[in-house]
Amino acid sequence: MQTAPKLQIETARVEDDRTGLSIETLKRAFLDNLFYIQGKFPRLATQHDYYMALAYTVRDRLLQRWISTAATYTEQSSRTVAYLSAEFLMGPQLGNNLINLGIYDRVQQAIEELGLNLDTLLDQEEEPGLGNGGLGRLAACYLDSMATLEIPSLGYGIRYEFGIFKQGLQNGWQVEFTDKWLRLGNPWEIPRPDWAVQVKLGGYTEAYLDANGHYRVRWIPRQVVKGVPYDTPILGYQINTCNTLRLWSAQAPESFDFEAFNSGDYLGAVQEKISSENLSKVLYPNDNVSQGKQLRLAQQIFFVSCSLQDMIRILLRQKLPLSEFSQKFTVQLNDTHPAIAVAELMRLLVDEHGIAWDQAWDITRNSFAYTNHTLMPEALERWPVEMFGQMLPRHLEIVYEINHHFLDEVRAKFPDDGDRIRRMSLIDESGERFVRMANLACVGSYAINGVAALHTELLQKDVLHDFYQLYPEKFNNKTNGVTPRRFMVLSNPRLTHLLNDTIGDSWVQHLDHLQKLETSVEDASFRQRWWEIKQANKHDLATYIQAHNGITVDPESLFDIQVKRIHEYKRQHLMVLHIITLYNRLKANPNLDITPRTFLFGGKAAPGYMMAKLIIKLITSVADVVNNDPAVGDRLKVVFLKNFNVKLAQHIYPAADLSEQVSMAGKEASGTGNMKFAMNGALTIGTLDGANIEIREEVGPENFFLFGLTAAEVKALKASSYNPWNYYQSNPELKEVIDRLKAGDFSGGNPDLFRPLIDSLLSWDNYLLFADYQSYIEAQEKVSQAYRDRDRWVRMSILNTARMGKFSSDRSIAEYAADIWQTPSVKIELTDNARLSR
Ligand code: T68
C-alpha cells in the first residue's frame, strides 16, 4: 500500500482561521468565507450569502473533529453501527451544530457585532426534508444520540434531490410544490466521488463452473447505475465525536452513452442517463403506506447495495477478512425499506466474493437487526414476484433459496402445520404471488424490536406472532426517544435558561436529571417564571400565526395543538368533532362561560390520500366559520399551519399547553411528537396507545388527561360488530355535530363536500371516533377546568417536564447499544496534523 506523503500544512494558520473560537477569529473567518466561498462583499451579499458564510465557518470547525473521529475508528477498527434508513428527516443543521459545538452565544455575539441577526441567518436554511414523519425524524434523533454517546456509527440513506413536498393551501385545500432544497447549495455535505460504487438492475442470471469446478451464478444486468456518496458530519453534544451520515446520489455510469452515442442515438443515451438519475430524484411521500411502485423498489436496492459495498470496502481497507463482517458492523434496518439487504449481502458474499452459502448465511444472520415501526396492514411491504424478478433476478433466486432452508427449519419445529408454513413463507402464494419483506427481515436478523412496550407486545401477539413462536429470543422492545438538544435546548432557549439556572445543565446529556425540578414545584416564584416562559413562547407563535395566517390569536387562551401527518387512524377529525361541539354550545348559549382555546393543526397529507386531504379541507372550513362568527368572538380560534416541518415544529412545541395524542388505541406504534410536547411542559390528552402509555406512567395519571378505549377493548368491540349509527342516534351532541356537517353548515351550504367523510363515519368508522367521542369530550372538560386553575396547571406542567427523562433518545440508544449492538463507545482525542499524515 502507498504511504501518504507528509503534509506540510502551516498548522498555526489552519488552527487560527479554521478552528479558532474567539469572537475575533469567528468574525474574520466569516468575512473570509463570504469573500472566498460566496464571492460576495457585504454590500452585495444577501441574507442567504451571510447564512452560507456562517455555515462554512461552522463546518470548518467541525472538520478537525470529523477527521479525528474517522482516523480513530480506522486505527482501532472500531465496531460500527450502520443505520440503514430510506429516510433521515434532519431539519436545519446550523443551529444544532452551534449548540453541539458549544458556541451558540459566542457566534450570536460575533454576528451582532457585524451588524447582522443570527435568527435571520438561521431562518435562511432550507431544511433537508428527506423523510415523511416519525420514522425519518427518529433516525435523525438516533444519529445525534449515537454521536453524543460516542458510538461509532454511519447513517446510510438516499440523497433525494426533492425531499418531502412543500405544502401550500389553496381555498383551504392542500396543494403540493416540489421541494428544491438543493437549489442554493448545501454547505453541510462533502461529495466523495472516489468512493462511488455500481449497482446492477434487471437482466438475467446464468450458471457457470469456476476454475475450481464450483457451481457459481453470474448476473448479467440490463442496467448499471452509479452511486456517489455525499457525507454530512454528525457532531455529538459538546464532545469530539463527529460521525457521518452518508447519502447516495444516483448517476449514470461514465460509459452510459458509449454504445448509443456511437450509434448516433444521442437522445437514447441521454434518456438512459435520466432514467439512472431518477433513482434518487424524489422521496415517496407516503407515511405508513406502501404503494408497491417499481421505482421505490429500485431506490431500496440502490441505497442498500451502495451501503453494503461501502461497508465491505471499509472492512477490506482495514485488512479484515469478510468472515469478520458481522464483528465489524451491525446493520440496523429502519423498518423493511432496507430489508432487501438480507438478500443483497448474501449475493455480495456468495457471488462476488466466493464465500460458501452456509458461511455467508451465518455472517448475514449475525449482521442485521430489524426495527418494526407500524402495525398498519397497508404499510407492510410486499413486492409482486414478477416485478421483483424482473428488476432483481438474482435476488429472487436467493430469496427462494433462503426460503427453502427456512421452511425446513419451521417444519422441523412445527411438523404438519401447513397453515403456519403458508403464513411464514417469504412468498405469499394466496393469490398473486408476493415477496414479503417483513418475513425476510425477521428471518435474516438476529434481533427484532418494536418501538414502544404496547407495540412490541402487539407484534408478538399479532402481526409477527409466528416469528415470535419460532424465535422468541430475537424479540425485544426499544421505546423511542427524541433528542433534547434539538427539541429543548435549540427550540426553547427560555426554558433552557430557567432549567440551567435551577438545576445546572447536566440534564442536556442526562435527561433524567430533570427530576431535580420536582422540588421547585413548591416554589411560587419558580412557577411564575415557568408560566411567563410559556406565555412568551405562545406570544412568539401568535406573532407567527398573525404573519402567516392573518389570524389574531390570544396568547392567554389555551393552546390546544395537534401536529403530525394527517391520517385517519391519528384522528385529527376527532379534534374537529370537539371544536364543533363547543361551537354548538356557544351558539345555543352565547353567554356560556367557556375556557378560551386556540386550536392549532399542522401536518401533510399524502398527495394520493383523498380522505386525508378532505380532513385538511374540513379543518380549514370549520376554521373559516368559527373564526368569523361574532357570536364566538375571541373565545375559539382554529388555525391550520401550513407546511409543518422540523423548522416549524421547533416553534410549536415550546408554545403548547395541550398536546393531542388521540390515535385509536393499538394503531400508533409509538409516536414521538407526544414526547417533544411533554418535555416542553405541555400536558397530554391521549389514548392508551403507543408511548402515551409509558409517558402517562412516568408523569403520573393525575398529570395526564386519559380517554378512550384500550387496544383490547378496540379489538373486542370490532369483533362484536361495531355500529357507529347507534352512537350517533343515542348521543344528542354528537348527532348535532354530524347533522350540521351534513347540512353543509361548514361548507357554504354544500351538503356534498364532506359526504365521503361523514358516510365513512356513519357506516364503518374504522377508527372508532364515535365510540371514543363521549369520553374525549369529558376529558376535554377536565382540561378546561384544570386550565382555569393556573397554579394547578403550572404544577402539572412542571411535573411533565421533570418526569420526561426516560424519553431522551440517549436512553433509547444506550439500550440498543447494550442489548442489540454490543458496541463499546470510543473516545476521540483531537489528532494533530502530524498524526493524520502518518
Ligand atoms: C412511525 N412510522 C410510526 N412511517 O407511525 C410512529 N411508512 O408511531 C413511530 O413513532 C415512528 O414511526 C417512529 O418509530 C412512520 O413514520 C413512515 O414514515 C413510513 C414511510 C414510508 C413507508 C411507510
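Model, not experiment: these values are computed from the prediction.

Conventions used here
- Residues numbered from 1 in each chain as written.
- Predicted model: local features only at pLDDT ≥ 70, side-chain atom pairs only at ≥ 80, totals over all residues.
- Heavy atoms only, no water.
- Helix = DSSP H or I, 4+ residues; strand = E, 2+ residues; numbered from the N terminus.
- Rg over C-alpha atoms; globule rule 2.2 N^0.38 Å.
- Contact = heavy atoms within 4.5 Å.
- Areas by Shrake-Rupley, 256 points an atom, 1.4 Å probe, with all protein chains shown as cover.
- Buried < 20%, exposed > 50% of the residue type's maximum accessible area, 1.4 Å probe, protein only.
- Polar contact = N/O pair within 3.5 Å; in protein donor to acceptor, adjacent residues only side chain to side chain.
- Pairing = 2+ DSSP bridges.
- Axes fitted to C-alpha atoms, helices over the stretch in contact; angles between N-to-C directions.
- Right-handed = clockwise from strand over helix to strand, strands pointing away.
- Patch = residues over 30% accessible without salt bridge, like charges linked within 9 Å, V, L, I, M, F, W, Y side chains within 5 Å.
- Salt bridge = Lys/Arg side-chain N within 4 Å of Asp/Glu carboxyl O.
- Disulfide = S-S within 2.5 Å.
- Domains from an automatic or database assignment.
- Buried area = accessible area lost by both parts, 1.4 Å probe.
- Parallel < 35°, antiparallel > 145°, perpendicular 65-115°, else oblique.
- Nonpolar A, V, L, I, M, F, W, Y, C, P; charged D, E, K, R; others polar.
- Near = heavy atom within 4 Å.

Novice: Which residues make up the overall build of the protein chain, and what values go with them?
Specialist: From N to C terminus, the protein chain includes 35 helices and 25 strands. Relative to its length of 838 residues, the protein chain is compact, with a C-alpha radius of gyration of 28 Å against a globular reference of 28 Å. Across its three principal axes, the protein chain shows a C-alpha extent of roughly 90 × 75 × 60 Å. Expressed as a percentage of contacts within the protein chain between residues at least 6 apart in sequence, the contacts between residues at least 24 apart total 77%. Here the protein chain displays about 32600 Å² of accessible surface, and carbon together with sulfur accounts for 51% of that area.

Novice: So, the environment of Asn288: which residues are in play, and what are the values?
Specialist: Summarising the element assignment, Asn288 is placed in the loop between helix 9 (266–277) and helix 10 (294–317). The class for Asn288 is buried, based on a relative accessible area of 18%. C-alpha of Asn288 to C-alpha of Ala606: the two residues are 318 residues apart in sequence and 9.9 Å apart in space. In this structure, Asn288 is in contact with Thr374, Met376, Glu378, Ala379, His567 and Tyr569, ignoring residues within four places of it in sequence. Within polar-contact distance, the side chain of Asn288 engages the side chain of Asp287 at 2.8 Å.

Novice: Could you give an account of the sheet that holds strand 15 (residues 382–384), with specific residues and numbers?
Specialist: A sheet is described by the order of its strands in space; here three strands give the open sequence 15-17-16, paired in antiparallel fashion. On the outer flanks of this sheet lie strand 15 and strand 16 (427–428), each paired with one strand and no other. Relative to strand 17 (residues 434–436), strand 15 runs antiparallel, the two sharing three bridges. Among the inter-strand pairings, Arg382 is bridged to a residue of strand 17, identified as Arg436. With respect to the sheet, helix 17 (residues 437–444) is in contact with strand 15 and strand 17, its orientation differing from that of strand 17 by roughly 40°.

Novice: Report on the pairing of strand 23 (residues 658–661), specifying residues and quantitative values.
Specialist: Looking along a regular strand, one sees the side chains alternate between the two faces of the sheet. Here strand 23 shows a buried face lined by Leu658 and Glu660 and a second buried face lined by Ser659 and Gln661. Alignment of strand 20 (residues 558–563) against strand 23, held across two bridges, turns out to be parallel. Each residue of the ladder has a partner; that of Asp560, found in strand 23, is Leu658. Inspection of the sheet shows strand 23 paired to strand 24 (residues 683–686) by four bridges, in the parallel sense. Looking at the pairing, Leu658 lines up with Leu683 of strand 24. Tracing the backbone out of strand 23, into helix 26 (residues 673–679) and back to the parallel element strand 24 gives a crossover that is right-handed.

Novice: Which residues make up a nonpolar patch on the surface, and what are the values?
Specialist: On the surface, Phe35, Tyr36 and Ile37 cluster together into a nonpolar patch covering about 360 Å² of accessible area. Relative to the helices and strands, Ile37 is located in the loop between helix 2 (23–36) and helix 3 (47–76). With relative accessibility at 41%, the residue Ile37 sits in the partly exposed group.

Novice: With reference to specific residues and values, describe the state of the cysteines.
Specialist: If you walk through the whole model with that rule in mind, you get zero disulfides. Of all cysteine sulfurs in the structure, the one in Cys141 sits closest to Cys242, which takes part in no disulfide; the separation is 17 Å. Owing to a relative accessible area of 1%, Cys242 belongs among the buried residues under this scheme.

Novice: Describe the domain arrangement of the protein chain, listing the residues and the values that go with them.
Specialist: By the assigned domains, the protein chain splits into domain 1 (22–76 + 92–125), domain 2 (77–91 + 127–480 + 820–836) and domain 3 (556–807). The interface is formed by 38 residues belonging to domain 2 together with 40 residues belonging to domain 3. It is Glu127, Gln167 and Trp173 in domain 2 that bury the most area against domain 3; as a group they hold 21% of the surface buried on that side. Counting the contacts that link domain 2 with domain 3 gives one salt bridge. With a shortest N-O distance of 2.7 Å, Lys613 and Glu176 are connected by a salt bridge.

Novice: Give a detailed account of the packing of helix 24 (residues 610–627) against helix 31 (residues 755–763), specifying residues and quantitative values.
Specialist: One can describe the packing of helix 24 onto helix 31 by two numbers: an axis separation of 9 Å at closest approach and a directional angle of 110°. Taken as axis vectors, helix 24 and helix 31 run roughly perpendicular relative to one another. Between helix 24 and helix 31, the residues in contact are Met611, Leu614, Ile615 and Leu618 and Pro756, Leu757 and Ser760, respectively. Looking at the contact of helix 24 with helix 31 residue by residue, the class counts come to six nonpolar, one polar and no charged.

Novice: Give a detailed account of the pairing of strand 22 (residues 636–641), specifying residues and quantitative values.
Specialist: With six of six residues buried, strand 22 is to be regarded as a mostly interior element. In strand 22, alternate side chains face the same way, and those of Leu636, Val638 and Phe640 on one face and Lys637, Val639 and Leu641 on the other are all buried. Bridging between strand 21 (residues 597–602) and strand 22 involves six bridges; their strand directions are parallel. Bridging from a neighbouring strand, Arg597 pairs with Leu636 of strand 22.

Novice: With reference to specific residues and values, describe the pattern of salt bridges.
Specialist: Enumeration over the complete set of coordinates arrives at 56 salt bridges. Glu429 is the salt-bridge partner of Arg433, the closest N and O atoms lying 3.4 Å from each other. Accessibility expressed as a relative area gives 34% for Arg433, which makes it partly exposed. A relative accessible area of 54% means that Glu429 is categorised as exposed.

Novice: Can you explain unusual backbone geometry? Please cite residues and give values.
Specialist: The backbone of Asp335 shows a phi angle near 70°, a positive value even though the residue is not glycine. Within the secondary structure, Asp335 sits in the loop between strand 13 (329–334) and helix 12 (341–352). Residue Asp335 is classed as buried on the basis of its relative accessible area, which comes to 7%. One non-glycine residue, Asn643, lies in positive phi territory at about 55°. Residue position: Asn643 is located in the loop between strand 22 and helix 25 (646–652).

Novice: So what's going on with the site of the ligand? Which residues, and what values?
Specialist: Within the structure, the ligand sits among 19 residues, and Asn288, His373, Asn480, Glu668 and Gly671 are positioned closest to it. Residue Leu135 places a main-chain N or O atom 2.9 Å away from an oxygen atom belonging to the ligand. One of the side-chain N or O atoms of His373 is found 2.6 Å from an oxygen atom in the ligand. In the complex, 96% of the free accessible area of the ligand, which totals 510 Å², lies under the protein chains. For the shell around the ligand, the element with the most residues is helix 7 (residues 134–148), which contributes three residues. Class assignment of the residues belonging to the shell around the ligand gives a composition of six nonpolar, nine polar and four charged. Here the shell around the ligand spans two domains, since at least three of its residues come from each of domain 2 (77–91 + 127–480 + 820–836) and domain 3 (556–807).

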